[in-house]
Each structure stands twice: as C-alpha cells, then as structure tokens.
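Letter by letter, the chains look like this.
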Number of protein chains: 2
Amino acid sequence: MQNILVLGAGMSSASLIKYLLDHSEEKQWKVRVGDLDVEKARAKVGGHKNGEAFEFNVFNDAEKKKAIAKADVVIYLLPAEYLYLVAGECVEQQKHMVSSAYVSKEERLLDDSAKTKGVALLNEIGLDPGIDHMMAMKIIDEIHGRGGKIKGFRFSTGGLLAPDSDDNPWNYKFTWNPGNVITAGKGFSRYMEKDCVKYVPYQQLFRRTKRVSIQDVGAFEVYANRDSLKYKALYGLEDVSTIFRGTLRRPGYCEAWDVLVQLGLTEDAFHIENSASMTYREWMNAFLPYSDIKTPEEKVAEITGLEMDSEAIKKIEWLGLFEEERIGLDNATPAQILQQRLEQKWFFGDKDRDMVAMQHVADYELDGQQKRLTSTMVVYGENPPHTAMAKTVGLSLAITAEMLLSGRIKLSGIHIPTTRKIYEPVLEKLREEGIKAQWKDEEKKKR
Amino acid sequence: MQNILVLGAGMSSASLIKYLLDHSEEKQWKVRVGDLDVEKARAKVGGHKNGEAFEFNVFNDAEKKKAIAKADVVIYLLPAEYLYLVAGECVEQQKHMVSSAYVSKEERLLDDSAKTKGVALLNEIGLDPGIDHMMAMKIIDEIHGRGGKIKGFRFSTGGLLAPDSDDNPWNYKFTWNPGNVITAGKGFSRYMEKDCVKYVPYQQLFRRTKRVSIQDVGAFEVYANRDSLKYKALYGLEDVSTIFRGTLRRPGYCEAWDVLVQLGLTEDAFHIENSASMTYREWMNAFLPYSDIKTPEEKVAEITGLEMDSEAIKKIEWLGLFEEERIGLDNATPAQILQQRLEQKWFFGDKDRDMVAMQHVADYELDGQQKRLTSTMVVYGENPPHTAMAKTVGLSLAITAEMLLSGRIKLSGIHIPTTRKIYEPVLEKLREEGIKAQWKDEEKKKR
C-alpha cells in the first residue's frame, strides 16, 4: 500500500478525495485526510475502507511530523501562508509534496535542500495557475518543435456558469472565493501588445475589455489579469511582441462591475461606522453626490453616463443595491458590504452547475506562413461539491500525486508545471478524465 | 535677551526668520537657527547681529540637549516624523515648542508630562492647518456668543497664483511641496451635506467639484479635502448638518487633472523599468489602449469623453506629455515621472508671486432668521522666498512663539489653535501684518 496524505478537507477537496478513493483499490492506495475540523474530513472520506479521517493542526509540530512520516506523498490544500511549514517537514523526511499555491518567499528557501534530498515540491498545480501553464507549454513546445516562431500569445480563463444554471442578468454566480472576485484587478494590470507595454489602472480595467468568441459556448469579454509580462520569461517567450493573460466573463458583466468600481463600492481600505443600521439604498447613496430631487438611480446613471434603462443599471438594480433593506453588518468596509449582498444574489445553489472555460491563442510564423493555433477547453461541473472548479483543481493535484507515486514524474526541488516532465503525463491523464482542450491550427486570415 | 531656537532653515523658514530678526532689536531676542546644512542657516540669518547659524543634527542627542538648553522657546521646522524627538527634550527641559506639524502618535504620549511640567507643545500652527483653524473658531465662537445656532460650515483653502503671475492654462504653479500636489486625494475623502455623509473615491474626487466665487479675486472650483467629518468634534460642531473642507483651484484645473488620474499617471505603487529611455509620449501611450491608427491625443479624448479641442486636452498638451522628449529618470513610478514634468512646467520663478485664498462659510440661525457669515482671506506673496505661503506659515509660527515668550499665551500640554487662548492674540497680531479676513454677515436669500 502507498500512503497519500491530504491536508485540508475544505470545499475544493471533494473531487480530489473522490478520485483518490475511487482508484484506491486498483492502485493500492491508503488515503489519509487531515483537517482541524475532523468532521469535514470524515464527510469527505465517507467511510471508505481505504480512507481515514483525522484531526490535524498545522501548528502542532509533533502531529505534523507524525502525519508526514506515514505518507509517501503529501497534497497540501490548507491556506497558502502555512505551506512552507509543511514543505519544510516534507523536505526533512524526503516526501514529495503537491499544491495549487504560488511559490512563496519562505518556500523558495527550501529549493536547494529539496534538490539535495531528491524531494519534489510541485506548486501551481490547479486550474489557474495550473492547467493554464500546462496547456500553454504544450502549445509552445509543439510549435517550437515544428520550427515555428511565436509572435503573439494570449490566454484567458473564466470560472462561469453552465448554460442551464445561467439564470441571472450578470450571467455569474460565486463558484470560487467571493473575496477574490470583489477585489479582482485592484492596483495595476500590465500586458504587451505589438511590442507596446500597456499599463491598465483599476479605474480603466473593466472598461478596456475585448470580445472573445469560444466555439460552442458563445461570446465572452475578457479583461487583463495582473502582470502578463511575467509569462514571457516563464514560458520562454522572450521574443513575442504580444503577451496577454485575461479573465473571461459573459458580455455585459464588466460594464456593470465598472459602475461599482467607479463609485468606490469595492474599496476595502476604510470602515463605515454605522453600516449595521444603514440600508443598502442609503449606503449606495453615500457614494453619490447630494441632491434634493434626484434619486440614487438617476445619480448613478448621470455619474456613469449610462442610460437609466441600460443593461448595466438594470444589473445594479437586480443586485438589490437600491433596496431599503438593512445591511446589519457593523463597521464594515464597502467591499465587505458588497460581498455580503453578492453572496445572497450570486449564491451558487445545490442544483447549480458551473463551467470552466480556457482559451490559448498562439500566433506564429512557420515556413513563411502566418498561422494561429487556438486551444479551447470547456469543462462542465456536476452539482456541488463536484463543480468544474473543484474537478479541474482536484484532479490536477490527484493526478500529479499519482505520477509522483508511480515514478512517472521524477523531479527534485521546486517546480511549477511549465516543464514537459510534469505537463505531458498530467495532461494525458486529465484527458482520460474529460479535461481536455481542442486545437484548431490554421493559416491566419489577412486583414 | 530671550533666546529663540529655530530648527530647520528650508524654504518655508525665510519669512519666519526675517520676522524674528526684524523684531529682535526692539524685543531683545537672540535668534539661533540650526540646520544640518549650516550654509542654509547662514543664508537665512544673513549676518544679522542678533542671529546665529549653527550646524544641527536632530539625531545627535548631545547637540540637541545643548541647543534646547540655551533656548526660551523652540520653533520646529524639520520633518514631522522627528518632531517627537525634539518635543520630548523640550518637555524634559521645560521649554515651549511651536510647529506646523500635525500631532503624531509619538508626540501624543508626551501630553501628560508636558502638562505636569507646564510646557506648551503647540501644533498645527501654519496656514492649513493653522490659520484655517483660527479663523474657523473665531467665527464659531462669535456666532455662538451671539446665541446663534450653526447649521452648516464649509471652509476651503488654496495656494494659488497672484493674477500677475498667472500665465499658464492651468492657472497653477508649485508654490508648495510638489509631491503633495501629485498625490492629493488618494484613497477616500468624506464630508457631510444636509445630514448625509458622502464618501468620494479618488476616481470621482476631481469630477465632484463645486464652483465658488470669492470677492475681488474671482471664480474658483473646490474639491473635498480628506475627512471633513473630523472637524465636527474639533470645532464643537456636533449638531451641524453640513460640514465640508475643501481645496481651491482655478476653474478647469480639476477637469484636466482628472484626466491624469483616470489614466493612472498619478500612481506611485509601481516602477516602470525602462522609464529612462522612454519619451513622455511613449510613457503616456503606455497607459492608453493599443491602436494602429489613433494618436495618443485621440485616445485620451476617446477614453475621457472629452473633445480633442477641449480646454482639458489642451492643458495636457501644454504640459508636454505628448512630446517626444526623453524622460531620463530611471525605474521611476508614474507619479515621479509626472512630478518631474510638472516641476519643469509649473516652475515658480524668481519673478513670480503667489496668492493664498481662504474662505469660511457659516450658515446659522439667529432669532428665527437664517443667516450666513462669509469670511474671506486673500494674501498676496512677494517674490520668493517671501511667498504668501511662507508668510502665512512663518508669521503664524513666529507670532505664536512671540506670544509664548511674552506670556500672552499661557498653556501647558499639547494644543492646536482651536482654543481662543491661541487664536485671539495670534489673529490680532497677524492682522497687523496684513494677514486678515473680511467678514460679510447677511440674511440668507431664500431660494
């Protein structure tokens, strides 16, 4: 029997643990699931004979050492900021570790000793980051292998709704961390277009969108996702003249979200003392100029230059931000108040299904021809907890752990899945699970 | 002889030191001016027989103790963050101290011991904060003294140009710290209008202006200056339904400045690696969407919704932000690049004269009548260094120190000039120096 240690039994662990238990008989795996809340771990294991739930506190050194000692591989799902505590012990005990987290400064310090001890610490194994890296590198290595020269590379991901659950004017519900959705894009984003670096401040981000059409699933809009320029070095694309990483939303979302941004409703840097006793309408009005005669609706339209009966204003109305209903949340930041309201309105229910869409577009030159390779992945979720989000993240982690156990992946030190040694076997196996992209490779139309 | 210790001989010290030396014979004062750069101190003292320049390092404990030991009163003009170091020693040696700085947390801790030792630490003695407090409290105490009830209180200040130096389309030059002008309004501002608290995010601040007319000097626009609500408690105006603190600019300034804000050019949170080799035009273009056909000028007009021949776009052009001229500043933030350009274009020359304008408007009820008291102060500067800014700040400090020396102000502990014991004698003396407000008290017109 090989032992797999899963640390963390939150929402995102369901599909991961299911995959491991479903294959445990065949593969001779023992799956141990540790969480501070042992009931959560038990619920996920569901009494499976090859599963075991136990109480786990990442700050308890003795517990940590003991749990890791029994494991052949560790899958880390707890908060990213404590990852280095577990990673350090994994290096010490020479156990491989897999996680979806970004590499932190603290973890980075473990790279040398992980290499010396022959331990693999594999990060950014998830959807975004994760599958996006793998699909990008598969395309890039393929084109380079054929002798092609990549001129432009654009890729975008969206956690969205399956068409049968897409029943509100925003075409959106929370299928992932709501806090991240509220604060998305704060500060600056950056990308490169035809050799020009472009900086996009928060107040322009949701206005500077592009339309994207994805085969079979329709129209989207895309906004820049943080610093696209770092992918030039990460993907070995130093010579491209265009590099863009984006986030996908359904058309109309960004225009309406921009209204909230422009008014300051997504701010989290200050608290509103009397927020508990305010209504949403009063709160909204506090961000609008004073008027004896104009309604808040009229003022929003005036400030944003939108028509009163525009789709964007209708979306804001649909959120209930103009309603005389008490907020009931004390001394809250605007972002906290907005999040509370959105969690009511964008609630992802038991009968809902989500959809993950990802598209990579590589423009390249081969034998004097200008070509374009478009890779499209669409994954539909089942009802929660086995959403497309949970599946894409969970199966990436589970399969990577499986490959480490079988010896199919042999690495030491810290790695992200931009290396062929990871993406090739993992994408192959993800394909068997229905997580796969379609490629369209064609000559580029002249304008 | 009484000894006055002036710490700091920067730009803002000129009018202060001149006043002290001009009165030194009559008042029997010895004026010692300390600065890290002794040449600066010497230039200000100018060989006056009652003056003395010396090298002073605020971090040298022995120097500090010695300098303070010789003084009867200390005027602090060094950076605000080191004030508590001097204030602590002043309390220790029982010497009064005056400064224009806000009260820091560190200084706040000295309040009890200052009271016990009978030492006055007088802060916010300048223009804004400073004269604004004094004029506000004089009005408020006057109205309350007559039995009036204040309903609304608005006050605004601007450091602007005298008409004869007002020769550029912005009607503005740097008469004070340029960095503060670039970052003015970042984060949130707040005020209260007719019992409604209003929050104004940065991206709305320069759009939500009001027109103000000031007698003899013409039209201005005013934008909200930080947190106006704190003045309710500070000025004893807990029951007002309107409180607003603003900054004055000439009409059209805010619309054009808002263009820079919307594009992200005032940001200081990130650095542009290759800024040295870029031109201002390239830099500007990096904040605009890519286009094969449109010029940066056209794109700015399109994004902001302004006409190409609008006054705002002309102001941006006048700044030279569209020019193909090298920036030459390495790895700079957008705000640093903008500041460099503005320091060239908004340079306040030797022959320039500035103007300080301040207006307080109190709406109140007296004997069933709705009344309005408008207090207006306009101060014109001489050529630098004796600008209106330097005069208003310097004379406030000098006169307050004088009042402490003569015993006309008797206080202990930390105070700002909202108390009658400070503002009454200081305003009286400022009036003799030509720094005075005109009051207009009238029945309010019905709408």
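The structure under discussion appears in the preceding block.
Everything quoted here is computed from the prediction, not taken from an experiment.

(A) Expanded view of the overall build of chain A. Secondary structure summary: chain A contains 18 helices and 16 strands in total. Scaling as 2.2 N^0.38, a compact globule of 447 residues should have a C-alpha radius of gyration of about 22 Å, and chain A matches this with 23 Å. Projected onto the principal axes, the alpha-carbon positions of chain A cover approximately 75 × 60 × 40 Å. The 447 residues of chain A split such that 57% are buried. Expressed as a percentage of contacts within chain A between residues at least 6 apart in sequence, the contacts between residues at least 24 apart total 69%. Across chain A, 62 positive and 67 negative side-chain charges occur, with their mean positions spaced 5 Å apart.

(B) Molecular detail of the pairing of strand β9 (residues 196-201) of chain B. Residue and element names in this part refer to chain B. Inspection of the sheet shows strand β8 (residues 188-193) paired to β9 by 6 bridges, in the antiparallel sense. Residue pairing across strands places Glu 193 opposite Cys 196, the latter belonging to β9. Here β8 hands over to β9 after 2 residues, with Lys 194 in that stretch at a positive phi of 45°.

(C) Spatial organisation of the interface of chain B and chain A. Listed by partner, the interface residues are 30 residues for chain B and 30 residues for chain A. Roughly 2,800 Å² is buried in total at the junction of chain B and chain A, and carbon and sulfur atoms are behind 51% of that figure. The largest share of the area that chain B buries against chain A comes from Phe188(B), Tyr199(B) and Tyr290(B), three residues that together contribute 25% of it. Inspection of the chain B/chain A interface yields 4 salt bridges.

(D) Looking closely at the sheet that holds strand β15 (residues 413-415) of chain A. Residues and elements named next belong to chain A. Pairing within the open sheet is parallel, and its 7 strands lie in the order β3-β2-β1-β4-β5-β6-β15. Across the chains shown, the open sheet's two edge strands, defined by having one partner strand only, are β3 (51-55) and β15. Geometrically, the sheet is characterised by an average inter-axis angle of 20° between neighbouring strands, direction not taken into account. The strands touched by helix α3 (residues 38-45) within the sheet are β2 (29-35) and β3, with β3 carrying the most contacts at an inclination of about 170°.

(E) Highlighting the packing of aromatic side chains. Counting across every chain of the model gives 50 aromatic pairs over all chains. Both rings, one in Tyr172(A) and one in Trp346(A), keep their centres 5.0 Å apart while their planes meet at 70°; by these two values the pair is edge-to-face. Within this pair, whereas Tyr172(A) is found in the loop between β7 (149-161) and α9 (178-182), its partner Trp346(A) is found in the loop between α16 (334-345) and β13 (354-366), the two being separated by 174 residues in sequence. Overall, Tyr172(A) belongs to the buried group, its relative accessible area being 3%. Between the aromatic rings of Tyr253(B) and Trp257(B), the centroid separation amounts to 6.0 Å while the plane-to-plane angle is 10°, which identifies the pairing as stacked. Taken together, the positions of Tyr253(B) and Trp257(B), both in helix α12 (residues 253-263) and 4 residues apart, correspond to about one turn of that helix.

(F) Region of interest: the sheet that holds strand β15 (residues 413-415) of chain B. Residue and element names in this part refer to chain B. A sheet is described by the order of its strands in space; here 7 strands give the open sequence β3-β2-β1-β4-β5-β6-β15, paired in parallel fashion. A strand with exactly one partner marks an edge of an open sheet, and here the two such strands are β3 (51-55) and β15. Each neighbouring strand pair of the sheet contributes to a mean axis angle of 20°, computed without reference to strand direction. In terms of strand pairing, strand β2 (residues 29-35) meets β3 through 5 bridges, oriented parallel. The residue bridging Val 33 from the neighbouring strand is Ala 53, located in β3. This element, helix α5 (residues 83-92), spans β1 (2-7), β4 (73-76), β5 (96-99) and β6 (120-122) of the sheet and lies at about 155° to β5.

(G) Local environment of the pattern of salt bridges. Under the defined criterion, the tally for this structure stands at 74 salt bridges over all chains. The residue Asp164(B) makes a salt bridge to Arg353(B) at a minimum N-O spacing of 2.6 Å. One end of the pair, Asp164(B), is in the loop between β7 (149-161) and α9 (178-182); the other, Arg353(B), is in the loop between α16 (334-345) and β13 (354-366), and 189 residues separate them in sequence. Several salt bridges share partner residues, and in doing so they unite Lys27(A), Glu402(A), Lys429(A) and Glu432(A) into one network.

(H) Expanded view of helix α12 (residues 253-263) of chain A. Residue and element names in this part refer to chain A. Judged by how many residues are buried, α12 sits mostly within the fold: 10 of 11 residues are covered. When we look at burial in α12, the residues that qualify are Tyr 253, Cys 254, Ala 256, Trp 257, Asp 258, Val 259, Leu 260, Val 261, Gln 262 and Leu 263. Downstream of α12 by one or two residues, Gly 264 has phi in the positive range, about 95°.

(I) Inspection of helix α18 (residues 420-432) of chain A at higher detail. All names here are of chain A. Here α18 spans 18 Å end to end across 13 residues, near enough to the 18 Å set by a 1.5 Å rise per residue. Of all the residues in α18, the buried ones are Ile 422, Tyr 423, Pro 425, Val 426, Leu 427, Lys 429 and Leu 430. Next to the buried residues of α18 lie α1 (14-22), β6 (120-122), α8 (131-145), α17 (388-406) and β15.

(J) Structural detail: the relation of the copies chain B and chain A. Mapping chain B onto chain A is achieved by rotating through 180° and translating by 0.1 Å along the same axis, at an RMSD of 0.1 Å. The symmetry that links the two subunits is that of a two-fold axis. Residue Gln203(B), judged by its C-alpha, is the member of chain B lying nearest the rotation axis, at 3.5 Å. With an isologous cut-off of 70% or more, the 100% of interface residues of chain B that recur at the interface of chain A puts this contact in the isologous class.

(K) Here's a closer look at unusual backbone geometry. Cis geometry marks the peptide bond from Asp128(A) to Pro129(A); its omega dihedral reads 20°. Within the secondary structure, Pro129(A) sits in the loop between β6 and α8. In the segment running from Pro384(B) into Pro385(B), the intervening peptide bond is cis, with an omega of 10°. Looking at the secondary structure, you find Pro385(B) in the loop between β14 (369-380) and α17 (388-406). Of note, the phi angle at Lys194(A) is positive, near 45°, even though the residue is not glycine.

(L) Representation of the environment of Leu7(B) in the model. All names here are of chain B. Its location among the elements puts Leu 7 in strand β1. When the C-alpha atoms of Leu 7 and Ile 75 are compared, they prove to be 6.2 Å apart, with 68 residues separating the residues in sequence. The residues contacting Leu 7, other than those within four sequence positions of it, are Gly 34, Phe 56, Val 74, Ile 75, Tyr 76, Leu 77, Leu 78 and Val 86.

(M) The arrangement of the pairing of β7(B) in detail. Residue and element names in this part refer to chain B. Counting buried positions along β7 yields 10 of 13 residues, so the element is predominantly enclosed. The pairing of β7 with β13 spans 12 bridges and is classified as antiparallel. Pairing of Thr 157 across the sheet is with Met 358, part of β13. Both β7 and strand β12 (residues 242-249) contribute to a ladder of 6 bridges, which runs parallel. Bridge pairing in β12 places Gly 152 opposite Thr 242.

Conventions adopted
Residues numbered from 1 in each chain as written. Chains lettered and ligands numbered in written order. Predicted model: local features only at pLDDT ≥ 70, side-chain atom pairs only at ≥ 80, totals over all residues. Heavy atoms only, no water. Helix = DSSP H or I, 4+ residues; strand = E, 2+ residues; numbered from the N terminus. Rg over C-alpha atoms; globule rule 2.2 N^0.38 Å. Buried < 20%, exposed > 50% of the residue type's maximum accessible area, 1.4 Å probe, protein only. Contact = heavy atoms within 4.5 Å. Lys, Arg positive; Asp, Glu negative; His and termini not counted. Charge placed at Lys NZ, Arg CZ, Asp CG, Glu CD. Pairing = 2+ DSSP bridges. Buried area = accessible area lost by both parts, 1.4 Å probe. Salt bridge = Lys/Arg side-chain N within 4 Å of Asp/Glu carboxyl O. Axes fitted to C-alpha atoms, helices over the stretch in contact; angles between N-to-C directions. Phe/Tyr/Trp six-rings, centres within 6.5 Å; stacked < 30°, edge-to-face > 60°. Expected span 1.5 Å × (residues − 1). Least-squares fit on C-alpha atoms with pLDDT ≥ 70 in both.

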